[in-house]
Amino acid sequence: TLVTFGELTIVKGINNHGVLAGSESGSNARPFTYDLNSGVRTDSGPASGRFRDINDSGVVTGFTLAGMGLLGLPGAVQEFAPDGSFYTIGYGINNDGWIVGNFTTDPDGLNSVAFIGRPTVPEPASVALMLAGLGLLAFRARRTRA
């Protein structure tokens, strides 16, 4: 099977479910995902965004033309940039959420640094404990007013 896309289209990543991530060049271009199984293309992400990889959970990484990295689900990507960076690109993401990429350390883009990182997400047990504590405080406050 061969699927072709228009000129100035870049397809960079594909996951094990047959969903690929890419983007088009040009002033009106948007990043997109394309499902090989259904043949459905979905344009999503910021207008200046460029998707470069997608993992099996559907999380994409890439960059914006303004110099920020991108990470998240296609309809809800977040921008990121390491401290001290001027232009950040997320090139790849694996199924454990590790991201690889590059960023420049000067405004001229002459000094590039490779990085590997994983977004910090609170552990579920910590979140549950915090919610339980907040619930207890709310119950106690309600009881005190009554």
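Here, every reference points to the structure presented above.
For every chain, the first residue of the written sequence is number 1, and numbering continues from 1 onward in sequence order. It should be noted that, the model being predicted, local features are given only for residues of pLDDT at least 70 and side-chain atom pairs only at 80 or more, the latter also being counted only at that level, while totals for whole chains, interfaces and linings use all residues. Excluding hydrogens and water, the side-chain values take into account all heavy atoms of the structure.

Q: Is there a simple way to think about the pairing of strand β10 (residues 99-104) in this case?
A: Each regular strand carries side chains that alternate between the two faces of the sheet. Strand pairing follows a simple DSSP-based rule, namely that at least 2 bridges must link the two strands. Secondary structure elements follow DSSP: runs of H or I no shorter than four residues count as helices, runs of E no shorter than two count as strands, and numbering proceeds from the N terminus. Across six bridges, strand β9 (residues 87-93) lies against β10 in antiparallel orientation. Bridge assignment links I93 to a residue of β10, and that residue is I99. A loop of five residues connects β9 with β10, the two strands running antiparallel in sequence, and G97 in this loop sits at a positive phi of about 90°. Across six bridges, the pairing between β10 and strand β11 (residues 112-117) is antiparallel. Its bridge partner lying in β11, N102 is registered against A114.

Q: Can you walk me through the packing of aromatic side chains in this structure?
A: To describe a pair of aromatic rings, you give the distance between the ring centres and the angle between the ring planes. Two aromatic rings, drawn from Phe, Tyr or Trp (for Trp, its six-membered ring), form a pair once their centres lie within 6.5 Å of each other, and the interplanar angle then sorts them: stacked below 30 degrees, edge-to-face above 60, tilted otherwise. The full count for this structure, using the stated rule, is three aromatic pairs. Pairing F80 with F115 gives two aromatic rings, centres 6.2 Å apart and planes at 85°, and the pair type is edge-to-face. In this pair, F80 is assigned in strand β8 (residues 78-80) and F115 in strand β11, connecting sequence segments 35 residues apart. Side by side, F80 and F115 carry an identical accessibility label, which is buried. Between F103 and F115, the ring centres sit 6.0 Å apart and the planes meet at 40°, which makes this aromatic pair tilted. Residue F103 is found in strand β10, and its partner F115 is found in strand β11; the two are separated by twelve residues along the sequence. Each member of the pair, F103 together with F115, is buried. Ring pairs connect the aromatic residues F80, F103 and F115, which therefore count as one cluster. Each residue is placed in one exposure class: buried if its accessible area under a 1.4 Å probe, protein chains only, is under 20% of its type's maximum, exposed if it is over 50%, and partly exposed if it falls in between.

All quantities given are derived from atomic positions and should not be read as evidence of function.
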